Amino acid sequence: MSRVAIIGAGASGLVCAIEAARKGLHVTLFEKNSKVGRKILATGNGRCNISNEKINITCYHGESPSFAKEALRRFDTFTCKAYFRSLGLEMREGEEGRLYPMSHQASSVVDMLIHEARSLGVNVSLESEVLKIEKKGAEFILHVNEKTHAFDACVIATGSVAMPTLGSSGSGYAFAKALGHSVIAPYPSLVQFVSDEPHLKEVSGVKVDAGVELYIANQKRQSVQGDLLFTAYGLSGSAILDISRAASKAFVDGEAVHVVLDLLPNLSREELTSLLQKRLSFAKDKSLTLWLEGIIPKKLAHFIVENTKLTHIKEAAALGAKEMKKIVFALKSLRLHVKATKGFESAEVCAGGVDVRELDAKNLMSKEIKNLYFCGEVLDIDGDCGGFNLHFAWASGYLVGQSV
Ligand SMILES: Cc1cc2nc3c(=O)[nH]c(=O)nc-3n(C[C@H](O)[C@H](O)[C@H](O)COP(=O)(O)OP(=O)(O)OC[C@H]3O[C@@H](n4cnc5c(N)ncnc54)[C@H](O)[C@@H]3O)c2cc1C
C-alpha cells in the first residue's frame, strides 16, 4: 500500500489526510504542535468562519490566482457544506454570506476532522516536527525529530509564516526551496495598521462604521466601508483588514501609505454641514467636545477637537464658518499616516508563497518532482477576509487528498 506523509495537521493537512485515507492509502500526518488545528481554533474569534456562500475566484490573489480555479470548482460552497455535514457538522450563515459552525465553536470543526481522520486509520503523529525532506530515488525520506521515515508521496501542508505563535514557521517555504521550487517572498495580509499620528492613543477602543480610502504614494488605490477600530498602536477592524494586502505590498516596495477616513459615511458633506448648522442652536454653554458628543463617541469628539487644533474654542456656540468647515473636513476626510503594518506576528494570512506556476493545477503536484504535493496557505494564493482562506485550505487539501 502506498505510504503518504502529510506535513502539518492544520486545515488543509487534515482534509487531505481524510481524503487520502478514504482511498485506502497508508497516511501519516506529522504535526509539530501537541494538538492538531491550533490555527483553526483561533479563526473567526474562536467561531471559525469556515467558508462563504460567495466563493469566487475574484476573491483570491497571488501572482497567478486563476490557478485556484480547479480546486474551487472541485470543492465549491455546496460541496463544502455537504462535506462538513457528512462529518457531522452543521453550518449557519452569518453576515455577508459567511458560514460558521452551528455550534458557534471552532473546536467543533477540529473535533469532527480529527475524529474522522483517526476513524479512517490516519496515523496522527503529534510533537513531530519535520526538519528535512530528502528525495532518494522514488522515496521521500523525512527527518522527524531524531528519526527518519520513508514515504512514496509527500504533501507539504505547513501553512505560512502568519501568526507564528500558532505553529507557522515558514518551514514549508524552506522545504520547497530545498526541493528546487521557487517561493514568492511572503508578506503579511489581513493585518492591522500602525500609525504614528499624535493623540491616536486617546481614541483607542472606539469602533465606528467608516469609509476608508487607501493611498499609496499619494494615489488613491482602494476604497471600502466597514468597521474601523482605533487602537493604541493605530487602526484595526474589517475595513482595515480589507485594504491591508495592498498596503503591505506598498511597504515591501518602499512606498508611502496613508488613509483618509470618512467617520460619518452615511451623511454627505452638505448634509453634515447643515446638521451642524442646525445643532448650533443647542451649542450654548457647551464645550466643543460635548457638542460633538451629540453625534460621535466622546473620545472621538476629543480627538477631532485636538486634530483640528480648535482647543482654544471654549464654547461651541462661538464656532465661525471657517471652524465649522474644519470640523466637517476632519469628520469626512481625516488623513492619517500609516507607518507600517503589525507584521507577520498579527497577520491572519500571508500573501506570497510557493510559486503555483511550478505545480499542476489539476492535482497540485510538483511539475518537477513526481508525488510531491502542496496545499493550503503555503501556496502563493491568499483570499479576502470572510471565510475565503479556510475555504481554499479545505479545497486544496481535498484536491490533493483525492489525487495523491
Ligand atoms: C487569528 C486568525 C484568524 C483567522 N480567521 C479566519 C477565518 O475566520 N476564516 C478564514 O477563512 N481564515 C481565517 N484565518 C486564516 C486561516 O486560518 C488559514 O488560512 C488556514 O488555517 C491555512 O490552513 P493551512 O492548512 O494551510 O495552514 P495551518 O492551518 O496554519 O496549518 C499548518 C500546520 O502545519 C504545522 N507545521 C508547520 N511546519 C511544520 C513542520 N515542519 N513539521 C510539522 N508540522 C508543521 C503547524 O504547526 C500547523 O498546525 C485566520 C487566521 C488567523 C491567524
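Note that the coordinates shown come from a computational prediction; the quantities given were computed from them, not determined experimentally.

### Describing helix α12 (residues 388-403)
With 16 residues, α12 extends 22 Å from end C-alpha to end C-alpha; this agrees with the ideal 22 Å at 1.5 Å per step. In terms of burial, α12 is a largely internal element, 14 of the 16 residues being buried.

### Quick look at the packing of helix α4 (residues 77-87) against α12
Where α4 contacts α12, the two axes come as close as 11 Å, and the packing angle between them is 80°. Here α4 lies roughly perpendicular to α12, going by the angle between them. Two secondary-structure elements touch here, α4 through Thr-77, Thr-79, Cys-80, Tyr-83 and Phe-84 and α12 through His-391, Trp-394 and Tyr-398. Within the contact of α4 with α12, the residues separate by chemical class into five nonpolar, three polar and no charged.

### A word on the nonpolar core
In terms of nonpolar packing, the biggest core is built from 88 residues, with Phe-84, Leu-113, Ile-133, Leu-142, Ile-156 and Trp-394 touching the most fellow members. The leading source of residues in this core is α12, at nine residues. Discounting chain neighbours no more than four positions away, the residues touching Phe-84 are Ile-50, Leu-89, Met-91, Val-109, Leu-113 and Trp-394. Judged by nonpolar contacts, the second largest core, of 47 residues, contains Ile-240, Leu-261, Leu-264 and Leu-288.

### Focus: the domain arrangement of the protein
Under the domain assignment, the protein is made up of domain 1 (3-188 + 348-403) and domain 2 (192-342). Of the residues lining the interface, eight residues belong to domain 1; the matching set on domain 2 comes to seven residues. For domain 1, the biggest contributors to the area lost against domain 2 are Tyr-187, Pro-188 and Cys-385; these three give 71% of the whole. Linking domain 1 to domain 2 there are one salt bridge. Ionic pairing is found between Asp-382 and Arg-245, a salt bridge with its closest N-O pair at 2.7 Å. Grouping the constituent residues of the side of domain 1 that touches domain 2 by class yields four nonpolar, two polar and two charged.

### Concerning the sheet that holds strand β8 (residues 130-136)
An order of β8-β9-β10 is seen for the three strands of this open sheet, with the pairing classed as antiparallel. In this open sheet, the two strands that pair with only one neighbour each are β8 and β10 (147-151). On average, each strand axis in the sheet is tilted by 25° relative to the strand beside it, whichever way the strands run. Relative to strand β9 (residues 139-144), β8 runs antiparallel, the two sharing six bridges. Following the sheet pairing, Val-130 is matched in β9 by Val-144.

### Regarding unusual backbone geometry
With the exception of glycine, most residues fall at negative phi, and the peptide bonds are largely trans. A positive phi is found at Asn-218, a non-glycine position, where the angle reads about 65°. Within the secondary structure, Asn-218 sits in the loop between β14 (207-216) and β15 (219-230). With a phi angle near 55°, Lys-309 is a residue other than glycine that sits in the positive phi range. For Lys-309, the location among the structural elements is in the loop between α10 (298-307) and α11 (321-332). By relative accessible area, which is 61% here, Lys-309 ends up exposed.

Analysis parameters
- Residues numbered from 1 in each chain as written.
- Predicted model: local features only at pLDDT ≥ 70, side-chain atom pairs only at ≥ 80, totals over all residues.
- Heavy atoms only, no water.
- Helix = DSSP H or I, 4+ residues; strand = E, 2+ residues; numbered from the N terminus.
- Expected span 1.5 Å × (residues − 1).
- Buried < 20%, exposed > 50% of the residue type's maximum accessible area, 1.4 Å probe, protein only.
- Axes fitted to C-alpha atoms, helices over the stretch in contact; angles between N-to-C directions.
- Parallel < 35°, antiparallel > 145°, perpendicular 65-115°, else oblique.
- Contact = heavy atoms within 4.5 Å.
- Nonpolar A, V, L, I, M, F, W, Y, C, P; charged D, E, K, R; others polar.
- Core = buried A, V, L, I, M, F, W, Y, C linked by side-chain atoms within 4.5 Å.
- Domains from an automatic or database assignment.
- Buried area = accessible area lost by both parts, 1.4 Å probe.
- Salt bridge = Lys/Arg side-chain N within 4 Å of Asp/Glu carboxyl O.
- Pairing = 2+ DSSP bridges.

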